[in-house]
Amino acid sequence: MSIQAIVERCEALYEDVELAAVRAWKERTQGKAVGYLPAYVPREILHACGVLPVGILGGGDQVEIVRGDACFQSYICHLPRSVLELALSGKLDVLDGMLFPSTCDVIRNLSGIWKLRFPGKLARYVDVPQNFDPAVGGVFYRRLLEDLIDDLAELSGHRPSDDDLRASIGAYQTNRALVEELYRLRAQAPWRVPTSEAYLLLRAGMLLPVEEHSALLRDYLAEVEREERREQDNARIVLRGSFCEQPPLTLVRTLERAGCYVVDDDFMPILRWGVGRPSDAGDALDALVRAWLESESELPSRFAADGQPKGARLVEKTRRSGAEGVLLAAPNFCDPALLERPMLQEALAEAEIPCTAFLYAENTGQLQPIREQAGTFADSLKLWGEA
Amino acid sequence: MKASVVKEPSMVRQKELIEGYFHRLARAKEDGRAVVYTFVPGNLTELLLAFDALPVLPEINALQSGMRKLSGEYIAEAERAGHSEDVCSYVKCDIGMMLKGNVGPTGEKLPEPDLLLLSCTGCFTFIKWFELLRQRYRCPVAMLHVPYQESGVVTPAMVAYVAKQLETEVVPKLERVTKKRLDVARLQELLARSRTAEDDLVAVFESARRRPSPIDAYFSGVYYIGPLFTAFRGTQEAVDFYRLLRAEVEARAALGQGPVTPEGALEDERFRLVVEGPPNWTHFREFWKMFYDERAVVVASTYTKVGGLYDRGFRHDPSRPLETLAEYCLGCYTNLSLPARVELISDYVRDYQADGFLINSVKSCDSFSAGQLVMLREIEERTSRAGAFIETDLVDPRYFSASNVKTRLESYFQMLAQERRVPETVPAS
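Rules of the game
- Residues numbered from 1 in each chain as written.
- Chains lettered and ligands numbered in written order.
- Predicted model: local features only at pLDDT ≥ 70, side-chain atom pairs only at ≥ 80, totals over all residues.
- Heavy atoms only, no water.
- Helix = DSSP H or I, 4+ residues; strand = E, 2+ residues; numbered from the N terminus.
- Rg over C-alpha atoms; globule rule 2.2 N^0.38 Å.
- Contact = heavy atoms within 4.5 Å.
- Areas by Shrake-Rupley, 256 points an atom, 1.4 Å probe, with all protein chains shown as cover.
- Lys, Arg positive; Asp, Glu negative; His and termini not counted.
- Charge placed at Lys NZ, Arg CZ, Asp CG, Glu CD.
- Phe/Tyr/Trp six-rings, centres within 6.5 Å; stacked < 30°, edge-to-face > 60°.
- Buried < 20%, exposed > 50% of the residue type's maximum accessible area, 1.4 Å probe, protein only.
- Lys NZ or Arg CZ within 6 Å of the ring centre and 35° of its normal.

*Asks:* Is there a simple way to think about the overall build of chain B in this case?
*Replies:* Looking only at helices and strands, one finds 16 helices and 10 strands in chain B. The C-alpha radius of gyration computed for chain B amounts to 21 Å, which stays within 12% of the reference 22 Å derived for 429 residues, consistent with globular compactness. Referenced to the eigenvectors of the C-alpha coordinate spread, the extents of chain B come out at roughly 65 × 50 × 40 Å. Excluding contacts between residues fewer than 6 apart, the proportion of contacts in chain B whose partners are at least 24 apart in sequence is 78%. For chain B, the exposed surface amounts to about 14,800 Å²; the carbon and sulfur share of it is 49%. Looking at chain B, you have 54 positive and 59 negative side-chain charges, and the mean spots of the two groups are 2 Å apart.

See below:
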């Protein structure tokens with residue numbers, strides 16, 4: 001498949017807010033599908049239960065919000081209102097359940113709205129521990145995962161064995177390695193992997209079965225190796241703050257047009273969430289428990305324990321990717337991203353890394369101010385960055 | 001509005017308690033007492049007092065600043081320092097106060113924390129708040145993650161998880177900063193006193209089942225919860241205060257009197273309401289007046305349950321000190337799922353024979369606010385009572401529009417009056 005064909009397929013999936021691809025998968029396999037919201041759930045468990053995990057990222061700029069707006073005040077972010085809009089208009093009926101990660105108070109309360117509005121459907125709040133001691137938070141989390149397996153096994157009729165879980169962990173490890181390769185290539189030669197293409201490939205990973213997504217990534221990476229693309233005099237930047245509500249594709253393209261090579265980002269962190277190989281001594285569930293406890297992620301909804309100053313990872317990532325500056329791009333009214341922004345700005349200032357900040361929503365249509373801001377930032381990095 | 005404010009003896013006593021507390025805080029360092037910043041929901045006051053540590057509650061400082069008309073200036077200071085306009089105004093008020101010298105409500109400087117006890121109950125913002133304070137104060141954080149009651153029940157696994165964190169994370173860090181070992185017997189004594197005070201607080205709140213209600217369970221209620229939700233739970237001062245308060249309320253009830261407002265006793269209760277959500281603090285008295293001018297009495301509220309749902313039966317149990325603290329944290333109102341909140345408010349409407357209910361949606365607090373419009377419709381459906389919805393904020397004065405709120409409330413009261421055919425004119429008293 002050519003790059004163009006791959007990108008077109010991914011763009012069709014990006015626009016598939018009514019989940020036609022999931023419907024097709026269910027018809028083909030007679031399996032069950034369960035949605036999940038950002039930022040992190042252990043997808044491996046769903047996969048091992050024979051359930052298709054479906055990342056729900058709202059309606060973007062494609063859905064007119066009527067019913068969703070009636071459920072949330074104006075000062076609540078956009079994602080939950082578009083998710084509810086889709087659900088209340090029957091567009092998520094194809095899902096047999098929903099998982100709500102402990103990302104923020106809004107997503108937490110959305111789990112309650114789901115229970116009230118869709119009482120017949122599975123709705124679980126995935127309360128990952130903020131205590132990272134294996135004997136404390138680990139024990140609690142393991143129990144939570146066991147309960148989740150019970151629910152999903154009842155739904156799908158398949159209780160996974162340890163081997164099933166190991167196989168699922170393996171499938172996602174393969175996928176993550178390919179995603180990391182995509183990021184490595186972007187950092188090394190960003191003109192070969194435009195951000196908008198990478199973004200569409202990542203979005204496809206939220207919808208497709210993992211094996212299919214891995215095949216798509218392989219095809220893309222192989223095609224990119226073959227195709228020559230011209231380097232442009234753009235600034236290399238890291239984008240941070242978009243871990244939950246996603247920017248519209250038009251905004252990502254705007255950043256590119258403004259002269260930014262986005263060499264790293266926190267779009268859909270679940271796609272890069274490391275899970276170690278299960279040890280021979282322990283069981284596969286143990287690897288998933290450790291994946292949360294031992295993560296080095298600076299996910300805004302994950303407590304940064306003492307000795308892990310906020311922003312340290314961002315500084316490290318910026319330097320490692322060769323970026324010249326950071327764009328702090330937070331969704332409107334996103335408490336986790338906005339509350340930690342001053343800490344990140346302070347860490348970046350100490351490290352003498354330039355940054356600029358802007359707000360967006362998943363349906364942002366006024367892109368000119370962002371283009372001007374990002375363009376000015378990119379120009380300033382090019383003009384004075386190495387002075 | 002009257003300049004002079006009518007105060008009951010319990011209110012005077014409470015003011016003395018709070019002033020004494022801030023004086024103790026001001027002297028904490030010279031008295032060699034450790035200072036622990038923590039939050040109201042899931043506060044572990046008995047545990048801190050068992051170590052002779054003094055708690056500082058940033059939300060209380062913020063609301064005190066709101067009531068003293070200082071919060072606007074503090075919020076502006078935090079926004080100048082890079083904090084977004086769209087985040088919790090408690091956080092910004094606290095940070096602004098810190099940037100301006102950390103002077104408390106009594107004019108004395110608040111001590112810096114030796115430990116930040118991040119009791120993470122029902123609010124994600126708490127995590128960010130203490131990450132921000134840690135960056136400023138360079139002191140350790142003890143994280144206490146309290147799982148959410150997503151299915152409406154507290155499971156043994158949840159209690160075990162919280163109790164284990166107390167044992168392995170919180171107590172060791174308190175021992176380190178206070179240089180003392182935990183005295184379990186002392187903790188048990190404190191918990192036993194909490195229980196006594198909690199009984200009296202519940203009796204006060206349940207007095208609102210009477211007609212007329214001798215209390216306002218929201219506007220007066222925030223004063224009633226003060227000592228128990230802050231630095232006094234477990235102390236003899238709290239036991240004495242709640243005994244005094246209960247006697248005062250029971251005396252009013254025996255005489256068939258209504259609640260005490262800043263302008264005197266409210267006679268001829270006209271509307272009985274349940275209120276969901278925190279009050280606005282920057283215009284607290286003005287907001288209250290909009291109710292008592294219409295002779296509307298709040299007979300039950302959810303905000304007065306953020307520091308514990310005692311009226312649903314919970315009491316601290318001295319025989320299981322860590323487990324009881326865990327259960328307390330798990331049971332606070334904002335840790336309840338939306339279906340459980342809907343059920344609680346619907347029960348209040350029925351149990352307290354309310355004419356309706358009001359949701360005060362505050363911009364700052366997603367933990368409270370996200371989903372309240374859905375709750376409104378659910379509660380209306382379950383209780384067949386009309387609800388009202390207003391929007392204000394906690395301590396950001398920019399988000400309190402007196403005319404909008406008043407208009408909305410007046411329309412609502414008119415509607416209730418039509419429904420119940422309540423006389424429009426105030427009878428001569």
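*Asks:* I keep staring at unusual backbone geometry and nothing clicks. Help me out?
*Replies:* It is generally the case that most residues other than glycine have a negative phi and that most peptide bonds are trans. Cis geometry marks the peptide bond from Pro38(A) to Ala39(A); its omega dihedral reads 20°. With an omega dihedral of -5°, the bond running from Arg211(B) to Pro212(B) counts as a cis peptide bond. Position of Pro212(B) relative to the elements: it lies in the loop between helix H8 (184-206) and helix H9 (221-229). Although it is not a glycine, Lys69(B) sits at a positive phi angle of roughly 60°. Here Lys69(B) lies in the loop between helix H3 (58-67) and helix H4 (71-80).

*Asks:* Is there a simple way to explain the packing of aromatic side chains in this structure?
*Replies:* Throughout the structure, instances matching the rule amount to 37 aromatic pairs over all chains. Relative to Phe314(B), the ring of Tyr310(B) has its centre 6.1 Å away and its plane inclined at 35°; by these criteria the two rings are tilted. On the basis of relative accessible area, Tyr310(B) is assigned to the buried category, the value being 3%. Residue Phe314(B) is classed as buried on the basis of its relative accessible area, which comes to 18%. The ring of Tyr183(A) carries the charged tip of Arg272(A) above its face, separated from the ring centre by 3.4 Å.

*Asks:* Is there a simple way to think about the side chain of Gln165(B) in this case?
*Replies:* Mapped onto the elements of the fold, Gln165(B) is located in helix H7 (residues 156-178). Residue class for Gln165(B) comes out buried when judged on its relative accessible area of 0%. Leaving out residues up to four positions away in the same chain, Gln165(B) has contacts with Asn131(A), Val136(A), Met143(B), Leu144(B), His145(B) and Val170(B).

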